[in-house]
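Analysis of the macromolecular model
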Amino acid sequence: MDAIKTVDLTKKYKDLTAVDGLNLTVRQGELMSLLGVNGAGKTTTIKMLTGLTKPTSGEAYLLGKNIMTESEAVKSAIAVSPQETAVAPNLTVKENLELMAGVHGFSKDEIKVKISELCKRFDLKNIENKRAGKLSGGWQRRLSIAMALISDPRILFLDEPTLGLDVLARSELWDMIRALKGKMTVILTTHYMEEAEALSDRVAIMKSGRLLLTGTPAEIKAHAGTDKFDEAFVRIVKEAVV
Amino acid sequence: MKVFAFSKRNDLEILRDPLNLFFGVGFPLVLLILMTAIQKNIPVQMFEIERLAPGIVIFGLSFMTLFSATLIAKDRGSSFLQRLYTTPLTAGGFILGYLLPVLPICIAQSVICFAMAVILGLKVTVHILTSVLFTLPVALLFVSLGLLCGSIFTDKQVGGICGALLTNLTAWLSGIWFDLGLVGGAFQKIANLLPFVHAVEMERAVLRGDYAGVFPHILWVMGYAAAVTGIAVFAFLRQMKRQ
């Protein structure tokens, strides 16, 4: 069973077609990056797959469950770390994690175990009683991903996880994302080509709501006839007529 | 459990904001002390503690709209609410999670105000307890107004509409600071069509033990509370769909 399968998935806003007949398959345990310039339809695709917006037409299945008719089952299996750092600023690191575990319906004992495990894994132990709003951007992003992982999702959506971070914080987050590979399916959106190349098993390139190409970073480079990934991306997007 | 986790977060967000504590508790207490001091020097029936305390309690509750609306509008403005929308928490859970945690804060605020009123000379009777209980429909009205405003306005707009407009409307059209009959005419008619003056008159009647006197005021308050809650739920669900 595929982790994600979309069939002619389309989203229209009045005159604008944000996503146009998307047919995409993501295998379980795979890390796939969705790439595209602004307005390519990446965020709308993620919003549809996570149940935040309804498709105009077409279908999508997450782990075999229809996103429209089995949304509760889908929500239990996914987690999202949004583009902005979505943490509760006046709550401590620990309280933010407790909140996410609570809204997923875990018992007190389970919450305790999960928080202890995540704090250890993400190095949050020393700052667990610090308010999230007082943390640096890198630590907030780290907390944001930890919050997404507390429900042990089978599919994790990471929307621009390293946007605005310095080199060191980005490198640390890359290590964390790499550590997730194989344990769950990860859908990553990013504008950083080197990030997509370094982390992805496969890459999907979108333009004006349409899927142009999917493949491994090596396949993408070979397709564009260059050994530089960012150059390959630019060529494919520029040459595509949609 | 899911709703409780979300409610707890909302409580903490409100209570940990020092500005909320100042306006929610500090400001009404300062008004109570100030007006009582003025009353001692220039006695005015309006500011006798038995009339003033229920008015200040209602005025204090109007700030709950601001706190509640600001929290919701900020959540909507950030990705925080979007993140929670992808969890198994239901639409009903979100609404209860925003409404319920503010009600105990309202009760606590009323208790603190009446406690200060007792220190300032209010006679201790069982009617103080019933007055606190009667603040519940008023609290629901203000908290639902917060849910409504937070669902349709941005956090900046909420600051102007709930922080300035609503608190002023509550102050001017409630008969706390002056007898509305002295102004009369359209002003009094409009005031009587709104719930604020009825909330104050209901509280005053309960505090003096005149339970027959709560009518018709309680009907106005409960009617407004039910209507605003209904509209607020509709507005919240609408914005949730739009997200």
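Computed from a predicted structure; not experimentally measured. (Residues numbered from 1 in each chain as written. Chains lettered and ligands numbered in written order. Predicted model: local features only at pLDDT ≥ 70, side-chain atom pairs only at ≥ 80, totals over all residues. Heavy atoms only, no water.)

1. Thoughts on the overall build of chain A
Counting its regular elements, chain A contains nine helices and 11 strands. In terms of C-alpha radius of gyration, chain A reaches 18 Å, essentially the compact-globule figure of 18 Å for 242 residues. Counting only C-alpha atoms, chain A reaches 50 × 40 × 35 Å along its principal axes. In chain A, buried positions account for 55% of the 242 residues. For chain A, restricting intrachain contacts to residue pairs at least 6 apart in sequence, the fraction spanning at least 24 positions comes to 65%. For chain A, the exposed area adds up to about 10,800 Å²; of that, 49% sits on carbon and sulfur atoms. Of the charged side chains in chain A, 34 are positive and 31 negative, and the gap between their average positions amounts to 3 Å. (Helix = DSSP H or I, 4+ residues; strand = E, 2+ residues; numbered from the N terminus. Rg over C-alpha atoms; globule rule 2.2 N^0.38 Å. Buried < 20%, exposed > 50% of the residue type's maximum accessible area, 1.4 Å probe, protein only. Contact = heavy atoms within 4.5 Å. Areas by Shrake-Rupley, 256 points an atom, 1.4 Å probe, with all protein chains shown as cover. Lys, Arg positive; Asp, Glu negative; His and termini not counted. Charge placed at Lys NZ, Arg CZ, Asp CG, Glu CD.)

2. So, a nonpolar patch on the surface
There is a patch of nonpolar side chains on the surface, built from B:Leu34, B:Ile38, B:Ile42 and B:Val44 and spanning about 330 Å² of accessible area. Among the secondary structure elements, B:Ile38 is positioned in helix α2 (residues 18-41). (Patch = residues over 30% accessible without salt bridge, like charges linked within 9 Å, V, L, I, M, F, W, Y side chains within 5 Å. Salt bridge = Lys/Arg side-chain N within 4 Å of Asp/Glu carboxyl O.)

3. Notes on the sheet that holds strand β7 (residues 78-81) of chain A
Residue and element names in this part refer to chain A. Strand order across the open sheet formed by six strands is β7-β8-β9-β4-β10-β11, with mixed pairing between neighbours. Looking at which strands have only one partner, the edges of the open sheet turn out to be β7 and β11 (210-215). Going from strand to strand, the sheet's axes swing by 20 degrees on average, the running direction of each strand aside. As paired elements, strand β4 (residues 31-35) and strand β9 (residues 185-189) share four bridges and run parallel to each other. When the sheet's bridge partners are listed, Leu34 is paired in β9 with Thr189. The strands touched by helix α1 (residues 42-49) within the sheet are β4, β7, β8 (155-159), β9 and β10 (202-207), with β4 carrying the most contacts at an inclination of about 135 degrees. Its contacts with the sheet place helix α9 (residues 229-239) against β4, β10 and β11, and it is angled at close to 35 degrees to β10. (Pairing = 2+ DSSP bridges. Axes fitted to C-alpha atoms, helices over the stretch in contact; angles between N-to-C directions.)

4. Overview of the interface of chain B and chain A
Chain B puts 23 residues into the contact, and the matching count from chain A is 32 residues. For the pair chain B and chain A, the two sides together bury roughly 2,400 Å², of which 58% comes from carbon and sulfur. Of all residues in chain B, the largest losses of buried area upon contact with chain A belong to B:Arg16, B:Arg83 and B:Thr86, amounting jointly to 31% of the total for that side. At the junction of chain B and chain A, the tally comes to one salt bridge. Inspection of the chain B/chain A interface yields seven residue pairs in polar contact (both at pLDDT 80 or more). Counting residues per element, the ones that place at least two in the side of chain B that touches chain A are α1 (2-15) and α4 (80-85) of chain B. A per-element tally of the side of chain B that touches chain A places α1(B) first, with seven residues. (Buried area = accessible area lost by both parts, 1.4 Å probe. Polar contact = N/O pair within 3.5 Å; in protein donor to acceptor, adjacent residues only side chain to side chain.)

5. Things to note about the pairing of β4(A)
Residue and element names in this part refer to chain A. Counting buried residues in β4 gives five out of five residues, a clear majority hidden from the surface. Neither face of β4 is left uncovered, since the one carrying Leu31, Ser33 and Leu35 and the one carrying Met32 and Leu34 both have all their residues buried. Examined bridge by bridge, β4 and β10 share four bridges and lie parallel to one another. Its bridge partner lying in β10, Leu35 is registered against Ile205.

6. Looking at the nonpolar core
In terms of nonpolar packing, the biggest core is built from 123 residues, with A:Leu97, A:Leu124, A:Leu143, B:Phe94 and B:Phe236 touching the most fellow members. Residue contacts for B:Phe236: discarding those within four places in its chain leaves B:Ile72, B:Tyr85, B:Phe94, B:Ile95, B:Tyr98, B:Leu147 and B:Ser151. Formed by 26 residues, the second largest nonpolar core is a distinct cluster that contains A:Val19, A:Leu24, A:Ala77 and A:Ala204. (Core = buried A, V, L, I, M, F, W, Y, C linked by side-chain atoms within 4.5 Å.)

7. Comments concerning helix α6 (residues 167-180) of chain A
Residue and element names in this part refer to chain A. The end-to-end C-alpha distance of α6, which contains 14 residues, comes to 20 Å, matching closely the 20 Å that a straight helix rising 1.5 Å per residue would cover. Turning to α6, its buried residues number three or more, namely Ala169, Arg170, Leu173, Trp174, Met176, Ile177 and Leu180. The buried side chains of α6 occupy one side of the element, clustering within an arc of 165 degrees when seen end-on. Along α6, the residues that are exposed and aim more than 90 degrees away from the buried face are Val167 and Leu168. Looking at the buried residues of α6, the elements they touch are β4, α4 (108-121), α5 (137-149), β8, β9 and α7 (193-199). A side-chain oxygen of the first residue of α6 lies 3.2 Å from the backbone nitrogen of Leu168; this N-cap is Asp166. (Expected span 1.5 Å × (residues − 1). Arc of directions from axis to C-beta.)

8. So, the environment of B:Thr170
Residues and elements named next belong to chain B. Tracing the backbone shows Thr170 in helix α8 (residues 155-172). Taking relative accessible area as the criterion, Thr170 reaches 0% and is therefore assigned buried. Along the backbone, Thr170 and Ser62 are 108 residues apart, and their C-alpha atoms lie at a distance of 6.9 Å. Setting aside residues up to four positions removed in sequence, Thr170 forms contacts with Ile58, Phe59, Ser62, Phe142, Ile176 and Phe196.

9. Let's talk about unusual backbone geometry
Residue B:Pro216 follows B:Phe215 across a cis peptide bond; omega there is 0 degrees. Along the chain, B:Pro216 turns up in the loop between α11 (195-207) and α12 (217-242). Even without being glycine, A:Asp123 reaches a positive phi, approximately 60 degrees. Examined against the element boundaries, A:Asp123 turns out to sit in the loop between α4 and α5. By relative accessible area, A:Asp123 is classed as exposed at 53%. Positive phi, close to 45 degrees, is recorded for A:Ser208, a residue that is not glycine. Within the element layout of this structure, A:Ser208 appears in the loop between β10 and β11.

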